[in-house]
Amino acid sequence: MDKELDNLKSHDAFHYVSRASVLAKGKRILRMTWVFKIKTDAEGWLNKYKARYCVVGTGQVQGEDYWEKFSSGARSSSIKIVIALVTVADWIDFHFDLDGAYLDAAIDAEVYVDQPSGMDPEVGPRGEPLVMALDKAIYGTAQAGRLFTKKFRAALCDIGFESSLDDESVFRLDHRLGRAVLTTHVDDGIGGASTQAILDWVHDQIEKHGFKFSARGPWHTLVGFGVRRDRVARTTSLNAAKQIEALAREHLAGERSVNPPTPSCETIMKLQPAPP
């Protein structure tokens, strides 16, 4: 929790103002909530614990607290096409995750939120209660995804990437150092590069545009799926073991095993339809 609050402060995501002054202007003060998540890898092993301090965005009113909230992401078919292209062309595969992505875009409306619960609140010089005036579109705000996508897309175009006419979240780059193709999904980048030189240059340019990487490297997991690539055979396979096991645990609760035996043809033929 302390790390998350420090992250917000390091990104200049807010500043404190008097609660009385906000109410005097007739502005609403939105609720906040902590969201805790256990991050796992493709095999389901513990990766890290994560805490997010999020706005309860359902309290926002369009035209007052936000204007638009649509944000695009690459279609699953587009991601698969890029994976196939990189595999067949034998390019260098890469994946990155941006750190605190939604904290990079300035907010486009006047939004006030309560201070984090469970922590000592900040008070004014006379002990008056304070609230947080948002300077960045933090997680949970209705416009966060759209504003981040808009800023990151502008940065990619400035670097030299061209957006696909069929899917605006797919980009390609032709450069003297080589060629690259990239798909974006929220704050994840998935793609391939023809040379290591162009890949290093792209990473460097993204950082020069003010973005930070929380993770980057070859394909290991893509949008939650495990990846196994064989460059010699030029094949790439996706593994959904984690998702399948989660479904099994949810829908086979109380069963003796989450890996029941495959039913025989005779068993299947004897199955009766569910009662209405």
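Below is a short write-up of the structure. (Residues numbered from 1 in each chain as written. Predicted model: local features only at pLDDT ≥ 70, side-chain atom pairs only at ≥ 80, totals over all residues. Heavy atoms only, no water.)

### What to know about the overall build of the protein chain
Helix and strand counts for the protein chain stand at seven helices and 15 strands. For the protein chain, the proportion of its 276 residues judged to be buried stands at 39%. Contacts spanning at least 24 positions in sequence make up 68% of the contacts within the protein chain whose residues lie at least 6 apart. When the accessible surface of the protein chain is split by element, carbon and sulfur atoms take 54% of a total near 16,400 Å². (Helix = DSSP H or I, 4+ residues; strand = E, 2+ residues; numbered from the N terminus. Buried < 20%, exposed > 50% of the residue type's maximum accessible area, 1.4 Å probe, protein only. Contact = heavy atoms within 4.5 Å. Areas by Shrake-Rupley, 256 points an atom, 1.4 Å probe, with all protein chains shown as cover.)

### Re the pairing of strand β14 (residues 225-230)
A regular strand places its side chains on the two faces of the sheet in alternate fashion. Where strand β13 (residues 221-222) and β14 come together, two bridges link them in antiparallel fashion. Bridge assignment links L222 to a residue of β14, and that residue is F225. Counted between consecutive antiparallel strands, the loop separating β13 from β14 contains two residues, among which V223 sits at a positive phi close to 45°. The hairpin turn running from β14 into strand β15 (residues 235-239), its antiparallel successor, is four residues long, and R234 in that turn takes a positive phi close to 55°. (Pairing = 2+ DSSP bridges.)

### Focus on the sheet that holds β14
Overall, antiparallel pairing links the three strands, which are arranged β13-β14-β15 in an open sheet. At either end of the open sheet lies a strand with only one pairing partner, and these are β13 and β15. Lying over the sheet, helix α3 (residues 76-89) contacts β13, β14 and β15, oriented at roughly 145° with respect to β15. (Axes fitted to C-alpha atoms, helices over the stretch in contact; angles between N-to-C directions.)

### Observations concerning the side chain of D167
Relative to the helices and strands, D167 is located in the loop between β8 (162-163) and β9 (170-175). Buried within the structure, D167 lacks any salt-bridge partner; R75 is the closest side chain of opposite charge, at an N-O distance of 4.1 Å. Here D167 is in contact with G73, A74, R75 and S78, once residues within four sequence places are set aside. (Lys, Arg positive; Asp, Glu negative; His and termini not counted. Salt bridge = Lys/Arg side-chain N within 4 Å of Asp/Glu carboxyl O.)

### As for helix α4 (residues 144-159)
With 16 residues, α4 ought to run about 22 Å at 1.5 Å a step, and its terminal C-alpha atoms sit 23 Å apart, in line with that. What α4 keeps buried is the set A144, G145, R146, L147, F148, T149, F152, A155, L156 and I159. Tucked into the core, α4 has its buried residues touching β5 (92-98), β9, β10 (178-185) and α5 (196-208). Once α4 ends, the next one or two residues include G160, with phi positive near 130°. (Expected span 1.5 Å × (residues − 1).)

### Some remarks on the sheet that holds β9
Across the sheet, six strands lie side by side as β8-β9-β10-β11-β5-β12; this open sheet has antiparallel pairing. A single partner strand is all that each edge strand has here, and the edge strands are β8 and β12 (213-217). Along the sheet, α3 makes contact with β5, β9, β10 and β11 (188-193), crossing β10 at roughly 155°. The sheet strands contacting α5 are β5, β9, β10, β11 and β12, and the helix crosses β5 at an angle near 10°.

### Quick look at a nonpolar patch on the surface
A cluster of nonpolar residues, I38, L46 and Y49, forms a patch on the protein surface that exposes about 370 Å² of accessible area. Within the secondary structure, I38 is located in strand β3 (residues 32-40). Taking the relative accessible area as the measure of exposure, I38 reaches 52% and is therefore exposed. (Patch = residues over 30% accessible without salt bridge, like charges linked within 9 Å, V, L, I, M, F, W, Y side chains within 5 Å.)

### A word on the environment of V223
The residue V223 is located in the loop between β13 and β14 in this model. Filtering out sequence-adjacent residues up to four positions away, V223 remains in contact with I79, H185 and I190.

### Some thoughts on the pattern of salt bridges
For the structure shown, the criterion picks out 13 salt bridges. The salt bridge partner of R28 is E64, with a shortest N-O separation of 3.1 Å. Highlighted residues: R28 in the loop between α2 (19-24) and β2 (29-30) and E64 in the loop between β4 (46-55) and α3, separated in sequence by 36 residues. Overall, the relative accessible area of 32% leaves R28 in the partly exposed class. A salt bridge links K208 to D204, with the shortest nitrogen-to-oxygen separation between them at 3.4 Å.

### Quick look at the environment of Y112
Examined against the element boundaries, Y112 turns out to sit in strand β6 (residues 112-113). Residues Y112 and V17, spaced 95 residues apart in sequence, show a C-alpha to C-alpha distance of 8.9 Å. Looking at Y112, its side chain comes within polar contact range of the side chain of K25, at 2.7 Å. (Polar contact = N/O pair within 3.5 Å; in protein donor to acceptor, adjacent residues only side chain to side chain.)

### Observations concerning the packing of aromatic side chains
Counted by the stated rule, this structure contains 10 aromatic pairs. Plain terms: the ring middles of F94 and F96 are 6.3 Å apart, the flat faces sit at 5° to each other, and that makes the pair stacked. On the basis of relative accessible area, F94 is assigned to the buried category, the value being 3%. Using a relative accessible area of 1% as the deciding quantity, one classes F96 as buried. On the numbers, 6.4 Å between centres and 80° between planes, the contact of F148 with F211 is edge-to-face. (Phe/Tyr/Trp six-rings, centres within 6.5 Å; stacked < 30°, edge-to-face > 60°.)

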